[in-house]
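Residue-level structural notes
Each chain is listed here by its residues.
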Amino acid sequence: MNILSIQSSVAFGHVGNSAAVFPLQRLGHEVWPINTVQFSNHTGYGKWRGEVFPASHLADVLQGMDDRGALADCQAVLSGYLGDAAIGNVVLDAVERLRADNSRALYCCDPVMGDEGRGIFVRPDIPGFFTEKALPAADIATPNQFELELLTGIPIHSLADAVRAAQALRERGPSVVAITSLRAPAVPEGHLGSMVVSGQGAWLVDTPLLDFPILPNGAGDVFAALLLGRLMTGEAPAAALEKTVSGLYGLLTYTLSIGMRELALVAAQNELVHPSQLYQARQVAS
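Treat the numbers as computed from the prediction; the structure is a model and nothing was measured. (Residues numbered from 1 in each chain as written. Predicted model: local features only at pLDDT ≥ 70, side-chain atom pairs only at ≥ 80, totals over all residues. Heavy atoms only, no water.)

Let's shift gears to the nonpolar core. L4, V77, Y107, F130, I179, L182 and M195 are the most contacted members of the largest nonpolar core, which totals 53 residues. The biggest single contributor to this core is helix α3 (residues 85-101), with eight residues. Leave out the neighbours within four places in its chain, and I179 touches P143, N144, Q145, L148, A162, A166, G193, S194 and M195. (Core = buried A, V, L, I, M, F, W, Y, C linked by side-chain atoms within 4.5 Å. Buried < 20%, exposed > 50% of the residue type's maximum accessible area, 1.4 Å probe, protein only. Helix = DSSP H or I, 4+ residues; strand = E, 2+ residues; numbered from the N terminus. Contact = heavy atoms within 4.5 Å.)

This is the structure in structure tokens:
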């Protein structure tokens, strides 16, 4: 299937489109990336070079694709980090154009805003954009625990809280909500959890925490790409979550074993498709 991915891009390392495109390709999808930035490396290094593209540039690229008739043959849009709300409006324009030709076209929104320890790292207009515009238009949302709490105002201290927050988000638009980076006490101490909540129920997969000296950036981008790619091939949410988490965990385990600062995306690519260890999903709500 054809997927339009609108995200950042780096020459060195794997975040944004540089993390999402290859996993989708390995799952057999055709991916058309529109890059919101072109940086030398991700900003976690503290220094980088490159350019942030204005919304007008993205809109021009999108129009050029539409001129070729490409959007009429596209089945999904994936978005991640957004520099500002104007870029987000280009994403929503793309979603509208796809749905004008195909009412079943999917929009997977990764509402990147921040995480535990770092807090919010996006511009002030971004949380409101997600709440008021992007999430009501989305079919799939993939927030981490910090972002889900921010979007819903529901503190997560248990699995029941996580399910309640995900259901609250589902009421705003997305039929499938996948939560990443669930921490204790919602999951056992020393583990990290991911949960998917849909109209069919809620399922949790938890894996042991890995002791990285510096956690590689881009894991959330890989997660969103793998989950979307598997859901688009018809996998049920629970099965898609199992394989997504297991593939990502295999990638992270290999990355840690060779001491890389960046995700070993190419070297561990088989994990993305055929994880060496499958972590089972357990149903936590019906």
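Resuming the write-up.
Of all the six residues making up strand β1 (residues 2-7), six are buried; the element is thus mostly covered by neighbouring parts of the structure. Residue alternation in β1 divides its side chains into two sets, N2, L4 and I6 and I3, S5 and Q7, and both sets are buried. Once the chain exits β1 it traverses helix α1 (residues 17-26) before rejoining the sheet at strand β2 (residues 30-35), and the crossover so formed is right-handed. Sheet topology note: the β1/strand β5 (residues 76-79) ladder contains four bridges and is parallel. Of the residues in β5, the one forming a bridge with I6 is S79. (Right-handed = clockwise from strand over helix to strand, strands pointing away. Pairing = 2+ DSSP bridges.)

Attention shifts here to the UniProt feature "domain: Pyridoxamine kinase/Phosphomethylpyrimidine kinase" (unreviewed entry) in the protein. UniProt annotation of "domain: Pyridoxamine kinase/Phosphomethylpyrimidine kinase" (unreviewed entry) refers to residues 73-261 when read in the numbering used here. With 45% helix and 20% strand, the stretch residues 73-261 has end C-alpha atoms that lie 37 Å from each other. (UniProt positions renumbered as here; feature names shortened; annotations may be inferred.)

The α-helix winds at 3.6 residues per turn, so residues separated by three or four positions along the chain end up facing the same way. Its 13 residues give helix α4 (residues 125-137) an end-to-end C-alpha distance of 17 Å, which sits within 8% of 18 Å, the value for a rise of 1.5 Å per residue. When the local axis directions of α4 are compared, the greatest deviation, roughly 40°, occurs at T131. Among the residues of α4, those classed as buried are I126, F129, F130, A134 and L135. Residues of α4 that are buried in the fold lie against α3, β6 (106-109), β9 (140-141), α5 (145-152) and α6 (159-170). (Expected span 1.5 Å × (residues − 1). Bend = angle between axes of the 7 residues up to and from the residue.)

Inspection of every chain in the model, using the stated rule, returns eight salt bridges. Here R183 ties to E116 by a salt bridge, and the two come within 3.2 Å at their closest N and O atoms. Taken together, the residues R183 in the loop between β10 (176-182) and β11 (191-198) and E116 in the loop between β7 (114-115) and β8 (119-120) connect sequence positions 67 residues apart. Among the residues examined, R183 registers a relative accessible area of 24% and is labelled partly exposed. Linked through salt bridges whose partners overlap, the residues forming this network are D66, D93 and R97. (Salt bridge = Lys/Arg side-chain N within 4 Å of Asp/Glu carboxyl O.)

Attention now goes to the sheet that holds β10. Strand order in the open sheet made by the nine strands is β2-β1-β5-β6-β9-β10-β11-β12-β13, with mixed pairing throughout. Two strands in the sheet have a free side with no partner beyond their single neighbour: β2 and β13 (282-285). Of the strand pairs in this sheet, strand β12 (residues 201-208) and β13 are connected by three bridges, and their pairing is antiparallel. Each residue of the ladder has a partner; that of A202, found in β13, is A285. Of the strands in this sheet, β1 and β2 are in contact with helix α2 (residues 55-67), which crosses β2 at around 150°. (Axes fitted to C-alpha atoms, helices over the stretch in contact; angles between N-to-C directions.)

Of all the eight residues making up α5, six are buried; the element is thus mostly covered by neighbouring parts of the structure. Listed in full, the buried residues belonging to α5 are Q145, F146, E147, L148, L151 and T152. Here the buried face of α5 lies against β7, β8, α4, α6 and β10. For α5, the side-chain oxygen to backbone nitrogen distance between the N-cap and F146 is 3.1 Å, and the N-cap itself is N144. Phi for G153, located one or two positions after α5, is positive at around 75°. (Polar contact = N/O pair within 3.5 Å; in protein donor to acceptor, adjacent residues only side chain to side chain.)

For the structure shown, the criterion picks out zero disulfides. With no disulfide of its own, C74 lies 13 Å from the sulfur of C108, the closest cysteine sulfur. Free cysteine: C109, not disulfide-bonded; nearest cysteine sulfur from C108 at 7.5 Å. The buried category is assigned to C109, whose relative accessible area is 0%. (Disulfide = S-S within 2.5 Å.)

On to the environment of Y249. Looking at the secondary structure, you find Y249 in helix α8 (residues 237-257). By relative accessible area, which is 13% here, Y249 ends up buried. Along the sequence, Y249 and R172 sit 77 residues apart, while their C-alpha atoms lie 30 Å from each other. Filtering out sequence-adjacent residues up to four positions away, Y249 remains in contact with T207, P208, L210 and Y279. There is a polar contact of 3.1 Å between the side chain of Y249 and the backbone oxygen of P208.

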